[in-house]
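Fold and geometry: a report
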Amino acid sequence: MSATHYNHLFGPVPSRRLGRSLGVDLTPFKTCSFDCIFCQLGRTTRKTVERREYVPVNEVIAELETWLGTGGTADYITLAGSGEPTLNSGFGRVIEFARDAGGIPVALLTNGSLLADPEVRAQAARANVVKVSLSAWDASSLEHINRPDPSIGFKGLIEGQWLFRNEFQGELWMEVFLVWGANSTPKDVRGIADLVRAIGPDKVQLNTAVRPPCEEYAHPVPEEQLQELARLFEPTAEVIAEYSSDSSARVHATEVDILDTLERRPCTLDQLCAVFGLHRNEATKYVGKLMRMGRIVQHRRAGGVYYAGVHRGDS
Ligand code: SF4
């Protein structure tokens, strides 16, 4: 709706758990300490644990200032986006500014791999809500599912998350991402649930690969099974995988426009982002939903992954 173009902000996007959420992107595309097999953004292009100002924090703060100054409103400001936000050495300053100047609660979505570092914990603790992910139960499952930077060990990862829980006064949510055949048997999930219980988050959320994942073999766990597995957690996990759709008017309008475009011309995710002014996170939501509805299909070609509309009458 706004005419202002932002390089580091996206949305606000409707989010089921965070209401209207303004996204803040603090890293270049796919700069991450993990390379998860289920990542909806594709393979990690820069795998690192080096913390620095990948995106200038002053620039992000200036954009937030403009957004707030032009009447921007949201239920949450969320640090998420193209990579791991805690890799940005100044992410705590962004949280502080958003919370104090904007008076809007701040959520941080992190893979939790850097929480062994006291400085990262101190910066993260400034958020109102921190969502940490954990999808492995030992070193080899971490290696298989999250493919971390070689300097990240399983023990340090769990210790960091545990220490953070003990220091953080806000709401800690944990997201467990299950992939069919990789970490989806009751035995695997019990292993993860034991660790989650020891960490003691306020909420546990279960997700699965309903949007196109990075690796073709990362299949989603069916909904009924995910519901069953949710009971292995304490507190019982909430299933957040979007098997069904968001039907708000704005989402519906964008979805219709995207489908319309793809029925005329196959596009990559990047092309859709450019045409509709969407962040990749948002675009994957629409593409995932249209694929589940059988309205579009995915083709892998030399130039990348293309999405194309399935014309009615096609089989
Ligand atoms: S899912 Fe998150 S943590 Fe995993 S590779 Fe993608 S951006 Fe990194």
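For the structure, check the block above.
Just so it is clear, the structure is predicted and the values come from calculations on it, not from any experiment.

Focus on the overall build of the chain
Check the secondary structure of the chain and you find 10 helices and 12 strands. Since a compact globule built from 315 residues should have a radius of gyration of about 20 Å, the 19 Å found for the chain is in line with a globular shape. Reported as C-alpha extents along the three principal axes, the dimensions of the chain are approximately 55 × 50 × 35 Å. Residues counted as buried form 53% of the 315 residues belonging to the chain. Here the analysis covers contacts within the chain between residues at least 6 apart in sequence; of these, 73% occur between residues at least 24 apart. Here the chain displays about 14,000 Å² of accessible surface, and carbon together with sulfur accounts for 51% of that area.

Section: the side chain of K30
With respect to the secondary-structure elements, K30 resides in the loop between β2 (19-24) and β3 (31-32). There is no salt bridge for the buried K30, and the closest opposite charge comes from D35, which lies 4.4 Å off by N-O distance. A polar side-chain atom of K30 sits 3.0 Å from a polar atom in the side chain of T44. Those residues in contact with K30, other than ones at most four positions away along the chain, are D35, C39, L41, G42, R43, T44, T45, R46 and S82.

Quick word on the sheet that holds strand β1 (residues 9-15)
In space, the eight strands of this open sheet follow the order β1-β2-β5-β6-β7-β8-β9-β10, with mixed pairing throughout. Among the strands making up the open sheet, the edge pair consists of β1 and β10 (238-239). Two elements, strand β6 (residues 106-110) and strand β7 (residues 129-133), share four bridges in a ladder whose sense is parallel. Within β7, the position partnered with L108 by the bridge is V130.

Considerations on the pairing of strand β5 (residues 76-79)
Going residue by residue along β5, you find Y76 and T78 tucked away on one face and I77 and L79 tucked away on the opposite face as well. Relative to β5, β2 runs parallel, the two being bridged by four bridges. Across the sheet, the residue bridging to L22 is I77, located in β5. Strand direction decides the pairing type here: β5 and β6, joined by three bridges, are parallel. Counted as the bridge partner of L79 is L108 from β6. Handedness of the β5-helix α2 (residues 91-102)-β6 crossover: right-handed.

The rules behind the values
Residues numbered from 1 in each chain as written. Predicted model: local features only at pLDDT ≥ 70, side-chain atom pairs only at ≥ 80, totals over all residues. Heavy atoms only, no water. Helix = DSSP H or I, 4+ residues; strand = E, 2+ residues; numbered from the N terminus. Rg over C-alpha atoms; globule rule 2.2 N^0.38 Å. Buried < 20%, exposed > 50% of the residue type's maximum accessible area, 1.4 Å probe, protein only. Contact = heavy atoms within 4.5 Å. Areas by Shrake-Rupley, 256 points an atom, 1.4 Å probe, with all protein chains shown as cover. Lys, Arg positive; Asp, Glu negative; His and termini not counted. Salt bridge = Lys/Arg side-chain N within 4 Å of Asp/Glu carboxyl O. Polar contact = N/O pair within 3.5 Å; in protein donor to acceptor, adjacent residues only side chain to side chain. Pairing = 2+ DSSP bridges. Right-handed = clockwise from strand over helix to strand, strands pointing away.

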